[in-house]
Structures are given as C-alpha cells and as structure tokens.
Number of protein chains: 2
Amino acid sequence: MGFVRVKDNVLIIGFGLLGTSLAMALKERNDFRVLGHTRRREIIEWAVEKEIIESESLLELNQLLAKADIVVLALPIPATIEFLKNHADNLRKSCVITDIGSTKKSFMEAGAKYLQKIGVAYVGSHPMAGTEKSGPFNAFSTLYNNADVFLCSDDFSRDHEAVKKVASMWESISCNCVRISADKHDKLVAKTSHVAHILASALTVSVLDYGDKSDNFHGCASGFRDTSRTASSDPVMWREIVELNKSAVLEALDKFEFEYGKFRRAIENNDFDSFEREFAHGKTLRSEWLEYLKNKGIKNG
Amino acid sequence: MGFVRVKDNVLIIGFGLLGTSLAMALKERNDFRVLGHTRRREIIEWAVEKEIIESESLLELNQLLAKADIVVLALPIPATIEFLKNHADNLRKSCVITDIGSTKKSFMEAGAKYLQKIGVAYVGSHPMAGTEKSGPFNAFSTLYNNADVFLCSDDFSRDHEAVKKVASMWESISCNCVRISADKHDKLVAKTSHVAHILASALTVSVLDYGDKSDNFHGCASGFRDTSRTASSDPVMWREIVELNKSAVLEALDKFEFEYGKFRRAIENNDFDSFEREFAHGKTLRSEWLEYLKNKGIKNG
C-alpha cells in the first residue's frame, strides 16, 4: 500500500512574461499544483483554458490565498509592496511568500514590515532570466531553464523551512539557487544587469536619434541588435528598478565610466596598443564566463 | 540553339569567417564560379574538399588572379593594403577589386593609390554581417542573408561597370546594396558599430573584473550576454578598425556620452520621470528599426 504525495499549491499572482512563464514551467514539470491570479480576469480564463493553471484559479483571490502553500508575487515592484500591505491578513501562517523582482532590499523590507508580525515567512527570489518583451503572450515554458536564482532570507525566514520550500520550487524547473544577502544582491545586479540596460538605451538613442534615419537603419546590424536589445525593455519597470537601487546603480556606473575612460583615452592618445590590450582583457574575461555557462550546460551567446 | 552563359569567376582572398561564409553562400547560389586563396594552404585544401571552392584554387596565386573577374579581399585591413601594393601588376585590366572591411576611406585610398594608374577598378564593400567569432570553421552560408551591403566607388569606378558587377555578386546572395561615400560610411558605422564594440568591452571589464568571480558569474544573465557579445570579437581587428577610424569614433563617443549623461544626471537628481522618458524614447526608436527589419524580412532580435 503506497502513499500518494499531496502536491503543494503554488499560487502565482501576476501574469506578465515572468509569472506566465513560471506557471507554464511548473505545470510542465508537474511537481506542484499551479494556481494563478491577476486583475485581468480574461488572462486567467485564457490560462485555465490553455491548461497552464488549475481551473479553481477562477475563484476569488481570498479563496486562492487560503489554498496556497507558496505565493509567488510576479507583479511590478510597487504592486508587490501594495499587495503585501493589503493581503497579509488573508495569508495562511504555513505559507511562504516569494517574488521574482530585480531588486531585493525593498522586497525584504516590505516582507519584514507586513509579514513578520503575523508569522508568515518571506523569501526573496530573483531568477536571472527574462527577455526584453512583456506580457503573457510572450511567455514560454523554458524561460527559466538552467537559470541561477538568487534567494534572500531575513531574520524570520533564514533558518525556516520556507527557504527550502521556495528553493524546491525553483529546482523543480531546473534552476540553480544561490543564497545571497539582499544588500549584496542589489549591488551585484546593479553592475551585471541595471547598468547594461542604461548603456543599451543611451547607445540606442545616440545611434538612431542623430543623422539620416534611413542611413542609420542600413548601418545597424547584428552587433547593434544585440548590444541594444535590452533598450526595448519596459521603461516603467526599469524606472522602478533603478529608482529603488539608485546608490548601487550610481556606484556601478562609476566602475563602467572608469573602464570606458581607459578606452577613450587610449584612442585620443593614439595608444592603440593599450586599446588592444583592454579589448583583449574584456574578451578573456567574457570567455571565462562563457566557459562557466558551458559547464552549467547553458547554450552560450 | 541556345547560348550557355559563362559564369564570372569570383576569387576570394582570405578564408576567415567572412571570406569563407561568402564562398559558401556564392557556391550555394551558383551564379558565379568561386575560387579561393589564403596563405594557409591546408584551409584551401579543406575548402576544395568540402566543395566550397573550385579545385583550381590549388593553383598559384598569380594563376588565380589571371582568371579572376572579381577579386574579394577578405583580409585584415593592413594585409588588404599590402596585397594591393604587391599584386596590382598581376591583375587583369577587366577585373574589379572589392573588400569586406569595416572602414572604407583607407581602402578607397589604397585602391586609388595602387590601382587607378593601372586602370583597374576598386569598389569598396562593407556587408553589415558578422559574428563575434572568427575563422573558417565558424563560417556558415547564411551569414549574409538579407544583409545591407554598403558600396563605395571612387572617381575611377563611379560610373564603371565595376559597381554593377560587385553589386550583382552581393545581390546574388540576397544582399541589399546601398551606395554611400566612404566618408559618410565611416562616420555612420563609427556610431552604429564601432562605439557599440567599445561599450560592450568596457561593460564586460566593469562587470567581470570587480568583486567575487563566482557572484559575477551567477549575476550575469541573457541581458549581459547580449549587451556584451561583441566584446568577444577579435581585439587585433578592432584595434585596426578604431585606429583607422579614430576621428569618427571619437565623434560618435561624444554623442553616446551626451545621451548617457542624461540618464546619469536623471538618476543623480532623482528625476526618474526624465529617466523613464529617455528610456521610452530609446525603446520607440529601436521599435522603428525593428519594424524596418521586419519589412525587409529579417528576423529581429
């Protein structure tokens, strides 16, 4: 006589690109039951019909919260904080809340503020996955494949089953969890992600907003396409991220400007040996990173 | 009774990524006979065996030059100029010389210097296609599909059959030829391509050369991968390009710095409305370019 393992319910709130892709991935792996909620009811109806989420997702939010073992907030940053403020009282004590946001300090602070007093654990997640596109109809089930996911815990959740529970959800869809402090996380992604978005955007304007449009279009090839790709991301989302992570972003911009300055000065001073050395240094560093990706089984760029 | 059209011979000198991919593409379309030459004899043997080029490519260079209707110099910039200097006397008067280089003024000058006196036409080509990889074994026949190719002519070749001949070669492999002056070309690609390579390289160093290596590796995802891709290009080639195009590159860097400065100041001044507006402006400009690519039938990024 065997036992049937009862699957935990993951409730995803928010059906943009990241929330919908997560629902698709979890559904495919089938280690969790997947419920979903968003204010746009037609999206939930679409997701139920596509069998991305269970049909009970059509219930009211409070009824869904009462069933959830893990709640994933896949919302814009202000909406996430608003959600914690408004719905803390409807959460089950045994559930764990997480998110998918690009900064972590603000989330952890909101978690501490609204959840600790009621004894609900908050674990911040940041899966290093995404595209420049938005919305449920750009979602795909393999978005998170092999991605690193940063996990942040606070005093309450640190040694709690909560971290394991959230990690098990990400691991079930082939992610690799990395524990990190919220402060360290925010500094890290300022340089690995936020600055790159700002550069892509500034480059795009400096290329396409000067001179003859038709010439510019002819002159942009795959190099520009890739370097500028993240400039097509959501401006509101990136405003929120940079606003919340201002000091770390400015510090990372300083680092970039320092390295950029070496290239610029080498050109101005006709010191092309230095230019070549700097360029070769970047190539070597990037090769090491590509090697790391390869060892992880990720197709490189 | 019909006539058999005699195909023109294209002789490709240099079998790196671009030369080899061009040979593959021309061979597939079969509108031209493809001959090849490079100092590394084993590469020519490999290309003959793979049927990328005709077996007579195993002949001596001077014998090949005597057969060529179009010579494509797919060499590093200094080697191209060296080639023109050393081999001008062996060219047929009726042949046309072109190249695939990323700057055009220096090539046109070399063409004028070494070829005009012997009455051979030089037409500069710059196909807007490539990858960050190098060498014949990374080549593929679809590299040039739908690419724009800039064509530069000088006083001698301007109204000459030569331009038509070179254009017909590119058009035979689905490229779109755009005539432009060498000066305008070099200014244009400084901003659409050269600056992007410098930014990618400076970003890569500023991300991967600071802090804990393992954290950096975890923190770099697909956004960094794409923004930094061209940092993996050949440092020697980029040194040569930037060196030859110094003043246009510095001018393009000024434009970038001006736009970048707006982002930086918006963050410093807590003016996130401006930040969002700038970011949205970049997104709109890039969408227009993506729309142009779509209309051309190019898969966008």
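## So, the overall build of chain A
- Of the regular secondary structure elements, chain A holds twelve helices and seven strands.
- For 301 residues, the compact-globule estimate of 2.2 N^0.38 gives 19 Å, and the C-alpha radius of gyration of chain A, at 22 Å, lies within 12% of that figure.
- Seen through its principal axes, chain A has C-alpha atoms that stretch 75 × 40 × 40 Å.
- Counting every position in chain A, which comprises 301 residues, the buried fraction comes to 55%.
- When contacts within chain A are restricted to residue pairs at least 6 apart in sequence, long-range pairs at least 24 apart make up 75% of them.

## Quick word on the sheet that holds strand S3 (residues 70–73) of chain A
Residue and element names in this part refer to chain A.
- In space, the seven strands of this open sheet follow the order S2-S1-S3-S4-S5-S6-S7, with mixed pairing throughout. Two strands lie at the open edges of the sheet, namely strand S2 (33–37) and strand S7 (176–179), each paired on one side alone. In this sheet, neighbouring strand axes are inclined to one another by 25 degrees on average, regardless of whether the strands run parallel or antiparallel.
- One ladder, built from four bridges, connects strand S1 (residues 9–13) with S3; its direction is parallel. By the bridge assignment for S3, Leu-11 is matched with Val-71.
- Against the sheet, helix H6 (residues 161–172) touches S1, S3, strand S4 (96–99), strand S5 (121–127), strand S6 (148–153) and S7, its axis set at about 30 degrees to S5.

## What to know about the relation of the copies chain B and chain A
- Superposition record for chain B on chain A: RMSD 0.0 Å, screw rotation 180 degrees, translation along axis 0.0 Å. The symmetry that links the two subunits is that of a two-fold axis. Closest to the rotation axis within chain B is the C-alpha of Thr227(B), separated from it by 1.9 Å.

## Regarding helix H5 (residues 105–115) of chain A
- Within the sequence span of H5(A), burial applies to Ser106(A), Phe107(A), Met108(A), Ala110(A), Gly111(A), Tyr114(A) and Leu115(A).
- Turning to H5(A), the residues buried within the fold contact helix H4 (77–87), S4, S5, S6, helix H7 (182–208) and helix H10 (235–244) of chain A.

## What about the nonpolar core?
- With 200 residues, the main nonpolar core has Val72(A), Val166(A), Val195(A), Val72(B), Val166(B) and Val195(B) as its most contacted residues.
- The contacts of Val195(A), once residues within four sequence positions are left out, are Ala190(A), Val249(A), Ala252(A), Leu253(A), Phe256(A) and Leu203(B).

## Re the domain arrangement of chain A
Residue and element names in this part refer to chain A.
- Structurally, chain A comprises domain 1 (9–180) and domain 2 (185–269).
- Taken together, the contacts link 14 residues of domain 1 with 14 residues of domain 2.
- Listing elements by their share of the side of domain 1 that touches domain 2, those giving two or more residues are H4, H5 and S6.
- The residue makeup of the side of domain 1 that touches domain 2, split by class, is six nonpolar, five polar and three charged.

## Here we look at the environment of Asp148(B)
- Within the secondary structure layout, Asp148(B) lies in strand S6 (residues 148–153).
- Residue Asp148(B) is classed as buried on the basis of its 20 C-beta neighbours within 10 Å.
- For the pair Asp148(B) and Leu64(B), spaced 84 residues apart in sequence, the C-alpha separation works out to 29 Å.
- Not counting residues within four places of it along the chain, the set of residues in contact with Asp148(B) comprises His218(A), Met128(B), Asn176(B) and Val178(B).

## Brief notes about the sheet that holds strand S1 (residues 9–13) of chain B
Residue and element names in this part refer to chain B.
- Judged by pairing direction, the sheet is mixed, and its seven strands sit side by side in the order S2-S1-S3-S4-S5-S6-S7 without closing on themselves. Looking at the sheet topology across the chains shown, the edges are occupied by strand S2 (33–37) and strand S7 (176–179). Direction aside, the axes of adjacent strands within the sheet are offset by 25 degrees on average.
- Helix H5 (residues 105–115) contacts strand S4 (96–99), strand S5 (121–127) and S6 of the sheet and is inclined by roughly 160 degrees relative to S5.

## Quick notes on the interface of chain B and chain A
- With 76 residues of chain B at the contact, the number on the chain A side is 76 residues.
- Breaking the side of chain B that touches chain A down by element, the ones donating at least two residues are helix H7 (182–208), helix H8 (213–219), helix H9 (222–227), helix H10 (235–244), helix H11 (246–268) and helix H12 (272–296) of chain B.
- Among the elements that make up the side of chain B that touches chain A, the one with the highest residue count is H7(B) (19 residues).
- When its residues are assigned to classes, the side of chain B that touches chain A shows 40 nonpolar, 18 polar and 18 charged.

## Examining the pairing of S6(A)
Residue and element names in this part refer to chain A.
- Most of S6 is tucked away, with six of its six residues classed as buried.
- Burial along S6 is two-sided: Asp-148, Phe-150 and Cys-152 facing one way and Val-149, Leu-151 and Ser-153 facing the other are all buried.
- As defined by bridge partners, S5 adjoins S6 across five bridges and the pair is classed as antiparallel. Residue pairing for S6: His-126 is matched across the bridge by Phe-150.
- Pairing geometry for S6 and S7, over four bridges, is parallel.

## Focus: the packing of helix H4 (residues 77–87) of chain B against H5(B)
Residues and elements named next belong to chain B.
- With their axes 9 Å apart at the nearest point, H4 and H5 run at an angle of 10 degrees to one another. When the axes of H4 and H5 are compared, the pair comes out roughly parallel. Residue-level contacts link Ile-77, Thr-80, Ile-81, Leu-84 and Lys-85 of H4 to Ser-106, Phe-107, Ala-110, Gly-111, Tyr-114 and Leu-115 of H5.
- By residue class, the composition of the contact of H4 with H5 is seven nonpolar, three polar and one charged.

## Section: unusual backbone geometry
Residues and elements named next belong to chain A.
- In this structure, Glu-51 is a non-glycine residue whose phi angle is positive, near 60 degrees.
- Counting through the fold element by element, Glu-51 comes out in the loop between helix H2 (41–49) and helix H3 (61–65).
- Not every positive phi belongs to a glycine, and Asn-270 is a case in point at roughly 55 degrees.
- Within the secondary structure, Asn-270 sits in the loop between helix H11 (246–268) and helix H12 (272–296).
- Among the residues examined, Asn-270 registers 11 C-beta atoms within 10 Å and is labelled exposed.

## Looking at the pairing of strand S3 (residues 70–73) of chain B
Residues and elements named next belong to chain B.
- Alternating residues of S3 divide into Ile-70 and Val-72 and Val-71 and Leu-73, and every residue in both groups is buried.
- The pairing of S3 with S4 spans four bridges and is parallel. Residue Leu-73 lies in a different strand from S4, and its bridge partner there is Asp-99.
- This β-α-β element, S3 to H4 to S4, shows right-handed connectivity.

## Comments concerning the confidence of the model for chain A
- In this model, chain A carries a mean pLDDT of 93, and residues with pLDDT of at least 70 account for 97%.
- Prediction confidence for the complex, expressed as pTM and ipTM, is 0.88 and 0.89 respectively.

## Notes on the packing of H11(A) against H12(A)
Residues and elements named next belong to chain A.
- For the pair H11 and H12, the least separation of the axes is 7 Å and the interaxial angle reads 155 degrees. Classified by the angle their axes make, H11 and H12 are roughly antiparallel. Judged by the twist between their axes, the crossing of H11 over H12 is left-handed. Where H11 approaches H12, its residues Lys-262, Phe-263, Ala-266 and Ile-267 are matched on the opposing element by Phe-272, Ser-274, Phe-275 and Glu-278.
- Classifying every residue of the contact of H11 with H12 gives five nonpolar, one polar and two charged.

Conventions and cut-offs
- Residues numbered from 1 in each chain as written.
- Chains lettered and ligands numbered in written order.
- Predicted model: local features only at pLDDT ≥ 70, side-chain atom pairs only at ≥ 80, totals over all residues.
- Helix = DSSP H or I, 4+ residues; strand = E, 2+ residues; numbered from the N terminus.
- Rg over C-alpha atoms; globule rule 2.2 N^0.38 Å.
- Buried ≥ 20, exposed ≤ 12 C-beta atoms within 10 Å, placed from the backbone.
- Contact = placed C-beta atoms within 7 Å.
- Pairing = 2+ DSSP bridges.
- Axes fitted to C-alpha atoms, helices over the stretch in contact; angles between N-to-C directions.
- Least-squares fit on C-alpha atoms with pLDDT ≥ 70 in both.
- Core = buried A, V, L, I, M, F, W, Y, C linked by C-beta atoms within 7 Å.
- Domains from an automatic or database assignment.
- Nonpolar A, V, L, I, M, F, W, Y, C, P; charged D, E, K, R; others polar.
- Parallel < 35°, antiparallel > 145°, perpendicular 65-115°, else oblique.
- Right-handed = clockwise from strand over helix to strand, strands pointing away.
- pLDDT = per-residue confidence, 0-100.
- Left-handed = near helix turned anticlockwise from the far one by under 90°.

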